[in-house]
Amino acid sequence: MTQHRITFHQENGADQEQTLTVSAGIRLDSATLQAGFDLRTHCGGAGTCGKCQLIVNGQKILACRTVIESDLDVIVPGFSLRTGEHHVVIQTDSKSTVCCLPSAVSKGYGVAVDIGTTTLAAELHDFTGKLPTQTAACANPQRKFGDDVMTRIQKIMEKPATLITMQQLVVEAINGMTAELTEKNRITPQNISNMVVAGNTVMQSILFGIDPSSLGESPFHAPVSEFPSRQACEMGLNISGTVETLPIFGGFVGGDIVAGVLTLPLLLSSAAPKFFLDIGTNGEIVLAHSGKLFTAATAAGPAFEGAKIEYGSLAVPGAIDHVDFTNGKVVVSTIENKPPIGLCGSGLLDAVAVLLDQGIILSHGRFADKRSSFELVSAAASGIGEAVVLTQRDIRELQLAAGAIRAGITLLLQENDVLPEQIETFYVAGGFGQSVRLSSARRIGLVPSLPAERFQFCGNASLAGARLVLLDSDNAKGAYQLVQQSHHCELAMHPQFQRVFAESMHLGTVHKSR
Ligand code: FES
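Values in this document were obtained by computation on a predicted structure and should not be read as measured data. (Residues numbered from 1 in each chain as written. Predicted model: local features only at pLDDT ≥ 70, side-chain atom pairs only at ≥ 80, totals over all residues.)

S.K.: What am I meant to see in the domain arrangement of the chain here?
M.R.: Often the size quoted for an interface is simply the accessible area lost on bringing the parts together. When its domains are assigned, the chain resolves into domain 1 (3-80), domain 2 (109-245) and domain 3 (267-462 + 471-514). Centre-to-centre, using C-alpha coordinates, domain 1 lies 33 Å away from domain 3. For the side of domain 1 that touches domain 3, the residue count by class is 2 nonpolar, 1 polar and 1 charged. (Domains from an automatic or database assignment. Nonpolar A, V, L, I, M, F, W, Y, C, P; charged D, E, K, R; others polar.)

Okay, structure coming up:
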């Protein structure tokens, strides 16, 4: 077969040059990955997100849409890389063999794991209390199959063997984190006798090798509701002992949300309604009311993570995380004060809220003067050599994402005859929830217009819930009790959903009850 020589240069990085020889006919995104560059592939190579840009012969091209037919000299722009996302860079040896050890090894350690769609996190606990808790995190390597769970399910539906590949990827990543944590503490992974994992329904299913395809089409049923504990070695995990995970509420509302609710004993402590919202690539919501839990998931999509946004970015150095209007001008701040490279979710929310306040964007989402974009940062001030702009299409994407979450909140409230103003506490979980400016979220109507003191931000509640189960097995029983107290609502099947969703697309709409 004809071979071609591909040379990659990282833009502004003379030491980052890689050359490799590949067979004709393979896609440029695969070759780029082989060369060690972690390209942004939000849409999993469908050619729709525009994030995998490379420069060949002075032209911007999409790596996932380019088949190699000649030798190439390729420039890899910094904005096309997933740089800065790894809190800990984990190298794993996928070929290492894992075997079941007799249970005579120490039972002194356990690991709590959160499998997020974007990021994985693990905590090592010494049950004897001698070692302080240690944490590791890494990017979810399944992202090369797409940034959101729906895209990954589609990949499995198209090619069932992808399930095994995705399972191996997540197992290797967890093994990498446990190896990192144990090495630091001079123990071995086989000293770990118990692992508790929380993740959304799709992530938990893939880890356990269960096909999540039933969630890829209406009526969006979860393939299973419980995941019996398994021997770690059967799953390829390098610890001894067992792996447990949390039960799910239903549909996409998985063990991560059960874990989050478990951390909030006050949620069911009084008759006053309380709300729990986890914002990620899906928006999962829980209404606690009169001793019951009502749950639903909304397909927010990955707009809050910068996908489908013209100058969208993950929350990496240089991403615009906040936008203000000061002395008649738009002023942006960026992560680590680096030159602006694009908008991450909180910056996008701020930009729209600020322009809405100034009357530059109207409540139906159009620019008042019918322009097609608004310049946030000039080419001279940006870190990418061109202006960072907010486009009409970006506003539309935000309306779709926020509208889906808002519609879910509205319907759960309506179904249970609760007025928004009756919500006593509104808990917001997830990394995005921590960085978002509450005033902007309220301004565009993503969350109800409640006083600030009624909001509480809980960070990574999924990991916190997994930790509770790891440290006290009574909490596992508590998790199953929560599921028994819950009622799951499949919003996409709700007769009012389309109408409420259309209404919720308006920016700044007040959440209405019946
Ligand atoms: S356009 Fe190439 S990965 Fe999305």
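S.K.: Help me out: how do you make sense of the nonpolar core in this one?
M.R.: In a soluble, globular protein the nonpolar side chains are often hidden away together inside. Ranked by internal contacts, the top residues of the largest apolar core, which has 135 residues, are Val258 and Val352. The biggest single contributor to this core is helix H8 (residues 392-415), with 11 residues. Once you skip the residues sitting within four places of it in the chain, Val258 turns out to touch Leu246, Pro247, Ile248, Phe249, Gly465, Ala479, Leu482 and Val483. Counting residues in each nonpolar core, the second largest holds 16 residues, with Ala31, Phe37, Cys64 and Val76 among its members. (Core = buried A, V, L, I, M, F, W, Y, C linked by C-beta atoms within 7 Å. Buried ≥ 20, exposed ≤ 12 C-beta atoms within 10 Å, placed from the backbone. Helix = DSSP H or I, 4+ residues; strand = E, 2+ residues; numbered from the N terminus. Contact = placed C-beta atoms within 7 Å.)

S.K.: Would you mind going over the packing of H8 against helix H13 (residues 497-504) with me for this structure?
M.R.: Axes are the key here: two packed helices are described by the angle between their axes and the distance separating the axes. Between H8 and H13, whose axes approach to 8 Å, the crossing angle comes to 125°. Judged by the inter-axis angle, H8 sits oblique to H13. Seen along the crossing, H8 lies across H13 with a hand that is right-handed. Contact with H8, carried on its side by Gly403, Ala404, Arg406, Ala407, Thr410 and Leu411, involves Phe497, Val500, Phe501 and Ser504 of H13 and no other residues of that element. The residue inventory of the contact of H8 with H13, partitioned by class, reads 6 nonpolar, 3 polar and 1 charged. (Axes fitted to C-alpha atoms, helices over the stretch in contact; angles between N-to-C directions. Parallel < 35°, antiparallel > 145°, perpendicular 65-115°, else oblique. Left-handed = near helix turned anticlockwise from the far one by under 90°.)

S.K.: Help me out: how do you make sense of unusual backbone geometry in this one?
M.R.: What is expected of a backbone is that most residues other than glycine have negative phi and most peptide bonds are trans. With an omega of 5°, the peptide bond between Ser218 and Pro219 qualifies as cis. Within the fold, Pro219 resides in the loop between helix H4 (201-207) and strand E10 (230-231). We note that Asn57 has phi near 55°; this positive angle belongs to a residue other than glycine. When you line up the elements, Asn57 lands in the loop between strand E3 (53-56) and strand E4 (59-62). The phi angle at Phe220 is positive, at roughly 60°, despite the residue not being glycine. Relative to the helices and strands, Phe220 is located in the loop between H4 and E10.

S.K.: I would appreciate a short explanation of the sheet that holds strand E20 (residues 425-429) in the present structure.
M.R.: Through backbone hydrogen bonds, the strands of a sheet pair up, either in parallel or in antiparallel fashion. Read from one edge of the open sheet, 6 strands run E21-E20-E12-E13-E14-E22, paired in mixed fashion. Where the open sheet ends on each side, the last strands, each with one partner, are strand E21 (455-459) and strand E22 (486-488). Taking the axes of each pair of neighbouring strands and ignoring which way they run, one obtains an average angle of 20° across the sheet. Relative to E22, strand E14 (residues 292-298) runs parallel, the two being bridged by 3 bridges. Pairing of Leu293 across the sheet is with Ser486, part of E22. (Pairing = 2+ DSSP bridges.)

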